[in-house]
Amino acid sequence: MGITCDEAITYLTYINKNWLLNLQLIANNHLLNTILIQIIVLVTKIKYNEFILRIPNLIIYLIYLYYSYKISTKLYKNSYSLATVLLLNYSVNEFASVARGYGMASSFVLAALYYYKLYIKSNDSKQFKLAVYSLLLACFSNTICLIISFIFIVDFLIRSIKNKSLKKFIIQNQVFTILSYFFFLIFFFYHIFVYLNDKFINYAYCSKDIFSCLIYSKFNYYGLGFINKYIVGVLFLLFVILLIISVSKKYKKDNLFYMSFALYFVLMILKYVLKFNFPTGRTMIPVFSIYIISLFDGIDLIFGKKSKYLVAIIMIFPFISFFKNLNIYYIREWKDDYYLKNRVEKVLKQRKKINPKTVPKISKPTLNYYYSKYKDKYSYNILSDVIYED
């Protein structure tokens, strides 16, 4: 698979420089991804190699695989059902193979869910600390995880105040509390400065119709991981029905069914009160595991032992979605880059040139990448006009 638009921007803008850490206030700069690629390029001395750029994501994807197994077998009865739904999310798998921060963030959010649930069950502060460390890494990977972390922290505070254990926890874990508070503040102000500097922080829009925002936008297209918008609508309706029924049910202490609704609520506040862009599309990929865990908890809450039958039906959707969209040639959001790669390879063989005006605007960074990659190797300019910008 050739380089994608955002990978090209990442490499040309942040990686192909003479410093290790580049904290440019641009939403496109996914910090952890940038830093790890810079390290690998420095160590290997290999430039303009797509596989080298993607190694950090491929390695961190192993964390996603590991915690999919752990959370499914250790915390849930319907273990293989949950593992199937988590592992067959096409968007998570797709972005685990490219040099961006979405796949990384998905892995760390799933790890945070695992440790947080263990903490709720055992009241072991060590598990909570591991959950916080995972969330910090997630925030380091992608902006949306700051909102996710806020949901976790509020839930922790509510539980601690209710159990009258907050003061005791802070006293026993003073250093951890201060350091985690400090690092979350750093991420908070960094992302605030990014937002002020880059108004397109979420690369997305949302119509004024709140129903469209919740169901038919790409928010759910990626957040729930199912491609067909009608399937997404049905699943969202299932969420609402479960929420209504759950009012009369007694929650287990580790049930996180309400967490996805809390996230919806916060996002609506950000959109309609604070006027932040409503995150849609690939920016919502890290939220997927929260929705799935929330859905499984809701089904277990309402149906108990009979939940396995409904879960078996839900498993059909990721199977259909995954195999319907399976391909190894391109990323759906950057399909034009796949055709551009073939075009570049063709002109290299024929010693022809590409007119930049004939390339879609979104693929211009990709064309810049290929220009930089091949200008020295072939001593040949593949462009009719040089459009490369340092």
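Quantities reported herein were computed from a predicted structural model and do not represent experimental measurements. (Residues numbered from 1 in each chain as written. Predicted model: local features only at pLDDT ≥ 70, side-chain atom pairs only at ≥ 80, totals over all residues. Heavy atoms only, no water.)

**Quick word on the overall build of the protein**
Logical step 1: In terms of regular secondary structure, the protein is built from 19 helices and 0 strands.
Logical step 2: Split into buried and exposed, the 390 residues of the protein put 54% on the buried side.
Logical step 3: Of the accessible surface of the protein, which amounts to about 19,000 Å², a share of 65% is contributed by carbon and sulfur atoms. (Helix = DSSP H or I, 4+ residues; strand = E, 2+ residues; numbered from the N terminus. Buried < 20%, exposed > 50% of the residue type's maximum accessible area, 1.4 Å probe, protein only. Areas by Shrake-Rupley, 256 points an atom, 1.4 Å probe, with all protein chains shown as cover.)

**Section: unusual backbone geometry**
Logical step 1: Backbone geometry places Tyr48, a non-glycine residue, at a positive phi of 50°.
Logical step 2: Considering the arrangement of structural elements, one finds Tyr48 in the loop between α2 (31-44) and α3 (50-74).
Logical step 3: For Tyr48, a relative accessible area of 15% puts it in the buried group.
Logical step 4: Residue Asn123 is not a glycine yet carries a positive backbone phi of 60°.
Logical step 5: Mapped onto the elements, Asn123 comes out in the loop between α6 (102-122) and α7 (125-141).

**A short note on empty space enclosed by the protein**
Logical step 1: Within this structure, the stated rule accounts for 3 cavities of 30 Å³ or more.
Logical step 2: Here the largest cavity is characterised by a volume of approximately 70 Å³.
Logical step 3: Considering the residues around the largest cavity, the lining is formed by 13 residues, among which Asn29, His30, Thr143, Tyr190 and His191 are closest to the centre.
Logical step 4: For the lining of the largest cavity, the secondary structure elements donating two or more residues are α7 and α10 (174-197).
Logical step 5: Looking at side-chain class alone, the lining of the largest cavity contains 7 nonpolar, 6 polar and no charged residues. (1 Å grid on protein atoms, 1.4 Å probe; cavity = no way out; pocket = protein on both sides within 12 Å on 5 of 7 lines; lining within 4 Å. Points joined across faces, edges and corners; volume = space filled by probe spheres on them. Nonpolar A, V, L, I, M, F, W, Y, C, P; charged D, E, K, R; others polar.)

**Focus on the packing of aromatic side chains**
Logical step 1: With the rule as written, the count across this model stands at 18 aromatic pairs.
Logical step 2: Taking the centre distance of 5.4 Å and the plane angle of 85° together, the rings of Phe95 and Tyr102 count as edge-to-face. Each member of the pair, Phe95 together with Tyr102, is buried.
Logical step 3: Pairwise contacts between aromatic rings join Tyr116, Tyr119, Phe128, Tyr133, Phe152, Phe156 and Phe176 into one cluster. (Phe/Tyr/Trp six-rings, centres within 6.5 Å; stacked < 30°, edge-to-face > 60°.)

**A closer look at the environment of Ser72**
Logical step 1: Within the secondary structure, Ser72 is located in helix α3.
Logical step 2: Along the sequence, Ser72 and Leu82 sit 10 residues apart, while their C-alpha atoms lie 5.7 Å from each other.
Logical step 3: Polar side-chain contacts of Ser72 include one of 3.2 Å to the backbone nitrogen of Ala83. (Polar contact = N/O pair within 3.5 Å; in protein donor to acceptor, adjacent residues only side chain to side chain.)

**Considerations on the nonpolar core**
Logical step 1: In this structure, Ile71, Tyr116 and Phe152 are the most contacted members of the largest nonpolar core, which totals 78 residues.
Logical step 2: Examining the composition of this core, we find that 15 residues originate from one element, α6, more than from any other.
Logical step 3: Each residue touching Phe152, except ones within four places of it in the same chain, is listed here: Ala112, Leu113, Tyr116, Leu135, Met259 and Ile290.
Logical step 4: The next biggest cluster of nonpolar side chains, apart from the first, holds 22 residues, and it includes Tyr11, Leu348, Ile354 and Tyr370. (Core = buried A, V, L, I, M, F, W, Y, C linked by side-chain atoms within 4.5 Å. Contact = heavy atoms within 4.5 Å.)

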